[in-house]
Amino acid sequence: MAPSDIAIPGDAGAVLVVDLDAIAANYRLIRETCPTATVGAAVKADAYGLGLAPVARTLAAEGCATFFVATPGEGVALRAVLPGAEIVVLNGPDAGSLDLFRVHRLSPALNCLEQIDAVAGAEGLPDAWLHVDTGMNRLGLSPAAATALLDEPARLAGTRVTALLSHLACADDSGHAMNGVQLEAFRELRRRTEAAFGPLRASLANSPGVFLGDEFHLDMVRPGAALYGLNPRSTGPNPMKQVVGIYAKILQVRDVDSPMTVGYGAAHRVTGPGRVATAAAGYADGYPRAAATSEGSSMNAYVADRAAPLVGRVSMDLITIDVSDIPAGDAVPGAIVELLGPHVSPDELAAAAGTIGYEIIGRLGTRLARVYRGGAA
């Protein structure tokens, strides 16, 4: 994804480059890390903003057979891409969506007693996944609800349950005590649930859970963000390959000098002679406004492999960068600016904006031209 290889279409100001071969390599690394477990893939939210169809096809070509989405609508879209895959809808069903689950062969995750009652007696549904909460206090059967179900397993009469899942809250911190607490809670719930429903596939590990060790892998791991190049650990080097790059055109370059200011709110004050370039991307394209809202931001873009600090506020369609130290022949209208790429990772941009890499890639704007490289696009 070197800038010299980037061509931005004439009808766009910026381009999103998605390296499908890097996604495939990340899947293989996770498979090697979890040799005793099956590796599924979370492709919710349009494969974390990177494009459901090309990403899902690439993962399927690597042998992935189970995919996780958030909503029934996402499941319907994925079924059109992968006719034979197992598709699990994590948000679960309600009475109004059962036909979608039935017609499109979507496996419901059952998160609460109300969803269990909604599917009771429904015919033609695929096998269900039972979601138990082990400490997130988000989706999943609470301990009390799990006990109520296991005391009365007939509530699931007519529904075949084949898998049990839960979700780790603190897996990005390998030393956090919550990891062990959740593992033990899940083991106990699995024992009790299998006594009621028979053998079940068990899945606990998300992306960071993959790297907690063999005991967390169980039967299936469910990576998402790690597949797309985000660091699955809160500290330490990222073992995953970077997947995304964002590149924008320079629209204009101007000379500046004190006492000029740059951008909304006169947030950047020019202290001496220099040059400022304006690039054709902004927060409407998913580049976070908070990455450069105050003087002294440490965020850089790159022009011809040289750092160009962000100056002034990121606006809807435009980003201003200081190109005073870039050779004049490299920083000209039409030249390419790297906003994400070899020099800037999503996690680094997220840190500058006070958020997480998940949000960076999940909010990439639809206005960005899309270029897919490699894989099964």
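Cut-offs applied
Residues numbered from 1 in each chain as written. Predicted model: local features only at pLDDT ≥ 70, side-chain atom pairs only at ≥ 80, totals over all residues. Heavy atoms only, no water. Helix = DSSP H or I, 4+ residues; strand = E, 2+ residues; numbered from the N terminus. Polar contact = N/O pair within 3.5 Å; in protein donor to acceptor, adjacent residues only side chain to side chain. Contact = heavy atoms within 4.5 Å. Salt bridge = Lys/Arg side-chain N within 4 Å of Asp/Glu carboxyl O. Buried < 20%, exposed > 50% of the residue type's maximum accessible area, 1.4 Å probe, protein only. Phe/Tyr/Trp six-rings, centres within 6.5 Å; stacked < 30°, edge-to-face > 60°. Lys NZ or Arg CZ within 6 Å of the ring centre and 35° of its normal.

### Comments concerning unusual backbone geometry
Then, in step 1: A cis amide bond links Ser 258 to the next residue, Pro 259, at an omega of 10 degrees.
Then, in step 2: Mapped onto the fold, Pro 259 is located in the loop between strand S11 (244-256) and strand S12 (261-262).
Then, in step 3: Of note in the backbone geometry, Asn 137 takes a positive phi value of approximately 55 degrees without being a glycine.
Then, in step 4: In this fold, Asn 137 is placed in the loop between strand S7 (128-131) and helix H7 (143-151).
Then, in step 5: Positive phi, close to 50 degrees, is recorded for Ala 304, a residue that is not glycine.
Then, in step 6: Within the fold, Ala 304 resides in the loop between strand S15 (300-303) and strand S16 (306-309).

### Quick look at the side chain of Asp 285
Then, in step 1: Following the sequence through the fold, Asp 285 ends up in the loop between strand S14 (274-279) and S15.
Then, in step 2: Engagement of the side chain of Asp 285 in a polar contact is seen with the side chain of Arg 367, the distance being 3.0 Å.
Then, in step 3: If near-sequence neighbours (up to four positions away) are discounted, Asp 285 is found in contact with Met 316, Arg 363, Leu 364, Gly 365, Arg 367 and Leu 368.

### Structural notes on the pattern of salt bridges
Then, in step 1: In this structure the tally under the stated criterion is 14 salt bridges.
Then, in step 2: With its nearest N and O atoms 2.6 Å apart, the salt bridge here joins Arg 187 to Glu 184. Taken together, the residues Arg 187 and Glu 184, both in helix H8 (residues 177-197) and three residues apart, mark about one turn of the helix.
Then, in step 3: Among the salt bridges present, the one from Asp 219 reaches Arg 190, with a minimum N-O distance of 2.8 Å. A residue pair is termed long-range when its members are at least 10 positions apart, and Asp 219 in the loop between strand S9 (201-203) and strand S10 (220-221) and Arg 190 in helix H8 qualify at 29 residues.
Then, in step 4: According to the relative accessible area criterion, Asp 219 is partly exposed, its value standing at 30%.
Then, in step 5: Judged by its relative accessible area of 21%, Arg 190 is partly exposed.
Then, in step 6: Three or more residues joined by partner-sharing salt bridges are found here, namely Glu 184, Arg 187 and Glu 215.

### Thoughts on the packing of aromatic side chains
Then, in step 1: According to the stated counting rule, one finds three aromatic pairs in the structure shown.
Then, in step 2: Ring geometry for Tyr 48 versus Tyr 228: centroids 4.9 Å apart, planes at 45 degrees, classification tilted. Taken together, the residues span a long stretch of sequence, with Tyr 48 in helix H2 (residues 44-49) and Tyr 228 in the loop between S10 and S11 at a distance of 180 residues.
Then, in step 3: Look at Tyr 48 and you get buried, because its relative accessible area is 11%.
Then, in step 4: Here Phe 68 and Trp 129 contribute two aromatic rings whose centre-to-centre distance is 5.3 Å and whose plane-to-plane angle is 90 degrees, an arrangement assigned as edge-to-face. Within this pair, whereas Phe 68 is found in strand S4 (residues 66-69), its partner Trp 129 is found in strand S7, the two being separated by 61 residues in sequence.
Then, in step 5: In textbook terms, an aromatic cluster arises when at least three aromatic residues are bridged by ring pairs, as seen for Tyr 48, Tyr 228 and Tyr 358.
Then, in step 6: The ring of Phe 211 carries Arg 233 above its face, with NZ or CZ at 5.6 Å from the centroid.

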